[in-house]
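The primary structure of each chain is shown beneath.
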Protein chains: 4
Amino acid sequence: MNEEKLHSLEKLFERDGYVALSGIKIAEAGDDYATVSADIRADEHLNGVGVVQGGMLYTAADFAFAVLTNMLHPTTITQSATVTYIRAAKTDRITATAREIERAGHNCVVEVIVRDGGGNIVCTGSFNGFISVK
Amino acid sequence: MNEEKLHSLEKLFERDGYVALSGIKIAEAGDDYATVSADIRADEHLNGVGVVQGGMLYTAADFAFAVLTNMLHPTTITQSATVTYIRAAKTDRITATAREIERAGHNCVVEVIVRDGGGNIVCTGSFNGFISVK
Amino acid sequence: MNEEKLHSLEKLFERDGYVALSGIKIAEAGDDYATVSADIRADEHLNGVGVVQGGMLYTAADFAFAVLTNMLHPTTITQSATVTYIRAAKTDRITATAREIERAGHNCVVEVIVRDGGGNIVCTGSFNGFISVK
Amino acid sequence: MNEEKLHSLEKLFERDGYVALSGIKIAEAGDDYATVSADIRADEHLNGVGVVQGGMLYTAADFAFAVLTNMLHPTTITQSATVTYIRAAKTDRITATAREIERAGHNCVVEVIVRDGGGNIVCTGSFNGFISVK
């Protein structure tokens, strides 16, 4: 995306301490999707069996949801979310891409796909958002 | 719980880098529940509007699930999870307590309640686990 | 429960055509729970492999949620729900019991347990409700 | 789809009593999707406020999932499912279309969209399936 748009989105989320702690960054955003990514650090992102920890995958998915929905209709917060872990993520990089399935009134439903460095889906998410301004 | 039990559980999860990065620790465990907790650091755990970030709440809930289920029936991994955010968590400490609702064959369902420092429920979770050894 | 209370609840839901079609009835309700039940008819409630169909189990769970939440704080509608099927339900009767985990503002989270005639848990549900009147 | 394919799918599910009771039929199926539909009968499918009952929407979504997954990789059963109700369904017809997001080993994740007669999304679902034959 253009530098200006990326910069404004980064501004919007620069105060999210947990996303920063987790090393997740905004990678790309189009009119109907947003992608975030993170380089996986062995000492910070893996669980006891050497795969990317589930909380890290969730946090990336939730951040992709936040970037997309606050781009489409601020201010949107996560109301509920369901994630499914489909493969062990043995990788040095993950990306999470969010697309809105539907929005109606104060509510929206967003699908998020989390992939490993090889492009394999490792986690899927269905996020429900609450939009403050109808 | 007794020091020995706490120590063995800590051993089991000491290699979880993301839990360590997130500052989440095992607080307590009984025969049918496990509680984890974290002191909230303003620079690392809050989102842009000053409440505990959703990914942090999820990661605490998932860790409570992991501690409980691997205590009850190792090895158990998260297969899918649903979380609902019920209140903004403006607090300096969170706790997450997991209780197993049912286990059958390779599957288990665990309920997790995440509370703020005042004991108010801020997030609830329903976790589905896959147990390797039937 | 007393006849009067049961009657008023039945009145409230007598116009739910799908619940009637499905043969689900209000069985019991206390201050903090509601139970509905259905006698399983081989020709109407089973799937192709002879177990109670998942949609029937869901509908019983959703009705238990509806009875409880509209007793506690009308008017409440289902906003989202997650169900997990934990065992095949080979039985001639099912019951679904709903308990509220938490309510805050317009939102509530309710846990529902569906059991077979022998009392075994066959399905669990986590329901999120939207309450019209705060 | 061609008559032969439709007939074989109908054969596969003709013994599902609850789907028959609910009046849900297979409408269409392609290589990567399946659609089921139902004509809404005021006396059988509506709830107390005159909209299509949530259990009916769920049952249609679950049947679309079943038709698709058993076409792609029999035998698949619903392990868990999350549905979100996005609009009141005041309509005389609903359709539910299922598409598989990913399949890995014994597990698959399927997205289901339920629409009213006007094509508006009334319910979305994320279904997790367990596939018997890997």
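Check the entry above for the structure.
For every chain, the first residue of the written sequence is number 1, and numbering continues from 1 onward in sequence order. Lettering of chains starts at A and numbering of ligands starts at 1, both following the order in which they are written. The model is predicted, so local features are restricted to residues of pLDDT at least 70 and side-chain atom pairs to those at 80 or more, both for listing and for counting; the totals for chains, interfaces and linings are taken over all residues. To get the side-chain values, all heavy atoms of the structure are used, and hydrogens and water are removed first.

## Comments concerning the side chain of B:E44
Then, number 1: Numbered from the N terminus, helices here are DSSP runs of H or I no shorter than four residues, and strands are runs of E no shorter than two. Structurally, B:E44 can be placed in helix α3 (residues 42–45).
Then, number 2: N or O atoms closer than or at 3.5 Å make up a polar contact, with two conditions inside protein: a donor-capable atom paired with an acceptor-capable one, and, for residues adjacent in sequence, both atoms drawn from side chains. Within the structure, the side chain of B:E44 is placed 2.2 Å from the side chain of B:R41, a separation counted as a polar contact.

## Some thoughts on the environment of B:Y85
Then, number 1: Inspection of the secondary structure puts B:Y85 in strand β3 (residues 76–85).
Then, number 2: Classification of residues uses two cut-offs on accessible area relative to the type maximum, computed with a 1.4 Å probe and protein chains only: under 20% is buried, over 50% is exposed, and between them is partly exposed. Residue classification places B:Y85 among the buried positions, given a relative accessible area of 13%.
Then, number 3: Taking the C-alpha atoms as reference, B:Y85 lies 4.5 Å from B:C123; in sequence the two are 38 residues apart.
Then, number 4: Apart from the residues lying within four places of it in its own chain, the contact partners of B:Y85 are A:Y58, A:T78, A:Q79, B:G54, B:G55, B:L57, B:Y58, B:V122 and B:C123.
Then, number 5: A distance of 2.7 Å separates the side chain of B:Y85 from the side chain of A:Y58, its partner in a polar contact. Here a residue-residue contact requires only that any non-hydrogen atoms of the pair lie within 4.5 Å.

## Remarks on the side chain of D:D116
Residue and element names in this part refer to chain D.
Then, number 1: For D116, the location among the structural elements is in the loop between β5 (107–115) and β6 (121–131).
Then, number 2: Positive charges come from Lys and Arg alone, negative charges from Asp and Glu alone, with His and the N- and C-terminal ends not counted. We define a salt bridge as a contact between a side-chain nitrogen of Lys or Arg and a carboxyl oxygen of Asp or Glu at a distance within 4 Å. Nearest to the buried, unbridged D116 among oppositely charged side chains is R87, at 6.5 Å.
Then, number 3: Contact partners of D116, with chain neighbours within four places excluded, come to T91, R93 and V122.

## Examining the relation of the copies chain B and chain A
Then, number 1: Residues below a pLDDT of 70 in either copy are left out; the C-alpha atoms of the rest, at least 70 in both, set the least-squares superposition of the copies. The transformation that overlays chain B on chain A combines an axial shift of 0.0 Å with a rotation of 180°, and the residual RMSD is 0.0 Å. Both chain copies can therefore be described as sitting about a two-fold axis. No C-alpha of chain B approaches the rotation axis more nearly than that of B:T82, which lies at 2.1 Å.
Then, number 2: Interface overlap between copies is the fraction of interface residues in one copy that are interface residues in the other; for chain B against chain A it reaches 100%, indicating a shared surface.

## Here we look at the interface of chain B and chain A
Then, number 1: Counting residues at the interface gives 28 residues for chain B, matched by 28 residues for chain A.
Then, number 2: A simple way to read buried area is as the amount of 1.4 Å-probe accessible surface that goes missing from two parts once joined, with both sides added. In terms of surface lost to chain A, no three residues of chain B exceed B:Y18, B:L21 and B:Q53, which account for 26% of the buried area on that side.
Then, number 3: Run the count over chain B and chain A and you get 0 salt bridges.
Then, number 4: Scanning the region where chain B abuts chain A turns up 20 residue pairs in polar contact (both at pLDDT 80 or more).

## Concerning the environment of B:A66
Then, number 1: Its location among the elements puts B:A66 in helix α4 (residues 54–72).
Then, number 2: For B:A66, a relative accessible area of 15% translates into the label buried.

## Considerations on the pattern of salt bridges
Residues and elements named next belong to chain A.
Then, number 1: Using the criterion set out here, one finds 20 salt bridges over all chains in the structure.
Then, number 2: One salt bridge connects D39 with R93, and the closest N-O pair in it is separated by 3.2 Å. Here the residue D39 occupies a position in strand β2 (residues 33–39), and R93 occupies one in strand β4 (residues 93–104), the gap between them amounting to 54 residues.
Then, number 3: Given a relative accessible area of 35%, R93 falls into the partly exposed group.

## Some thoughts on the interface of chain C and chain D
Then, number 1: At the interface, 28 residues of chain C touch 28 residues of chain D.
Then, number 2: For the pair chain C and chain D, the summed buried surface comes to about 2,300 Å²; carbon and sulfur atoms form 49% of the total.
Then, number 3: The interface formed by chain C and chain D includes 0 salt bridges.
Then, number 4: Linking chain C with chain D are 20 residue pairs in polar contact (both at pLDDT 80 or more).
Then, number 5: Looking at the side of chain C that touches chain D, the elements with two or more residues in it are α2 (17–22), α3 (42–45), α4 (54–72) and β3 (76–85) of chain C.
Then, number 6: Looking at the side of chain C that touches chain D, the element that brings in the most residues is β3(C), giving 8 residues.
Then, number 7: Amino acid classes used here: Ala, Val, Leu, Ile, Met, Phe, Trp, Tyr, Cys and Pro are nonpolar; Asp, Glu, Lys and Arg are charged; the rest, including Gly, are polar. A breakdown of the residues in the side of chain C that touches chain D according to their chemical character gives 9 nonpolar, 14 polar and 5 charged.
Then, number 8: In this scheme, strands are said to pair when DSSP sees at least two bridges between them. The pairing of β3(C) with strand β3 (residues 76–85) of chain D spans 5 bridges and is antiparallel. Directly across from C:A81, in β3(D), lies its bridge partner D:V83.

## Describing empty space enclosed by the protein
Then, number 1: Cavity: a set of points on a 1 Å grid over the protein atoms alone where a 1.4 Å probe fits but cannot get out. Pocket: an open set with protein on both sides within 12 Å along at least five of seven lines, its lining residues, like those of a cavity, having an atom within 4 Å of a point. Grid points are joined across faces, edges and corners, and a volume is the space filled by probe spheres set on the points. A full pass over the atoms with the stated rule returns 7 cavities of 30 Å³ or more.
Then, number 2: Here the largest cavity is characterised by a volume of approximately 140 Å³.
Then, number 3: Lining of the largest cavity is provided by 18 residues; of these, B:G125, B:S126, C:E111, C:G125 and C:S126 occupy positions nearest its centre.
Then, number 4: When contributions to the lining of the largest cavity are tallied by element, the ones reaching two or more residues are β3, β5 (107–115) and β6 (121–131) of chain B together with β3, β5 (107–115) and β6 (121–131) of chain C.
Then, number 5: The class makeup of the residues in the lining of the largest cavity is 6 nonpolar, 10 polar and 2 charged.
Then, number 6: Estimated volume of the second largest cavity: approximately 120 Å³.
Then, number 7: Around the second largest cavity, the lining comprises 19 residues; the ones closest to its centre are B:Q79, B:S80, B:N128, D:Q79 and D:S80.
Then, number 8: At the level of elements, β3 (76–85) of chain A, β3, β5 and β6 of chain B, β3 of chain C together with β3, β5 and β6 of chain D are the ones that each hand at least two residues to the lining of the second largest cavity.

## A word on helix α4 (residues 54–72) of chain D
Then, number 1: The span one expects for a helix is its residue count, reduced by one, times 1.5 Å. With 19 residues, α4(D) extends 27 Å from end C-alpha to end C-alpha; this agrees with the ideal 27 Å at 1.5 Å per step.
Then, number 2: Counting buried positions along α4(D) gives 17 out of 19 residues, so the element sits mostly inside the fold.

## Some points on the sheet that holds strand β4 (residues 93–104) of chain D
Then, number 1: On the basis of which strands lie adjacent, the open sheet formed by 12 strands has the order β1(C)-β2(C)-β4(C)-β5(C)-β6(C)-β3(C)-β3(D)-β6(D)-β5(D)-β4(D)-β2(D)-β1(D) and antiparallel pairing. Strand pairing shows two members of the sheet lacking a second neighbour, β1 (24–29) of chain C together with β1 (24–29) of chain D, which therefore form its edges. Strand-to-strand twist in this sheet, taken as the mean axis angle between neighbours without regard to direction, amounts to 25°.
Then, number 2: Across 9 bridges, the pairing between β5(D) and β6(D) is antiparallel. Directly across from D:V114, in β6(D), lies its bridge partner D:C123.
Then, number 3: Strands β1, β2 (33–39), β3, β4 (93–104), β5 and β6 of chain C together with β3 of chain D of the sheet are contacted by α4(C), whose axis makes an angle of about 140° with β3(C). Lines are fitted to the C-alpha atoms to define the axes, a helix being fitted only along its stretch in contact, and any angle between axes, read from their N-to-C directions, falls within 0 to 180 degrees.

## Structural notes on the sheet that holds β5(B)
Sheet strands associate in pairs through backbone hydrogen bonding, adopting either a parallel or an antiparallel arrangement.
Then, number 1: One open sheet accounts for 12 strands, arranged β1(A)-β2(A)-β4(A)-β5(A)-β6(A)-β3(A)-β3(B)-β6(B)-β5(B)-β4(B)-β2(B)-β1(B); its pairing is antiparallel. Only two strands of the sheet have a single neighbouring strand rather than two, namely β1 (24–29) of chain A together with β1 (24–29) of chain B. Each adjacent strand pair in this sheet contributes to an overall mean axis angle of 25°, direction not counted.
Then, number 2: Direction of pairing for β2(A) relative to β4(A): antiparallel, over a ladder of 7 bridges. The residue of β4(A) that forms the bridge with A:Y33 is A:R99.

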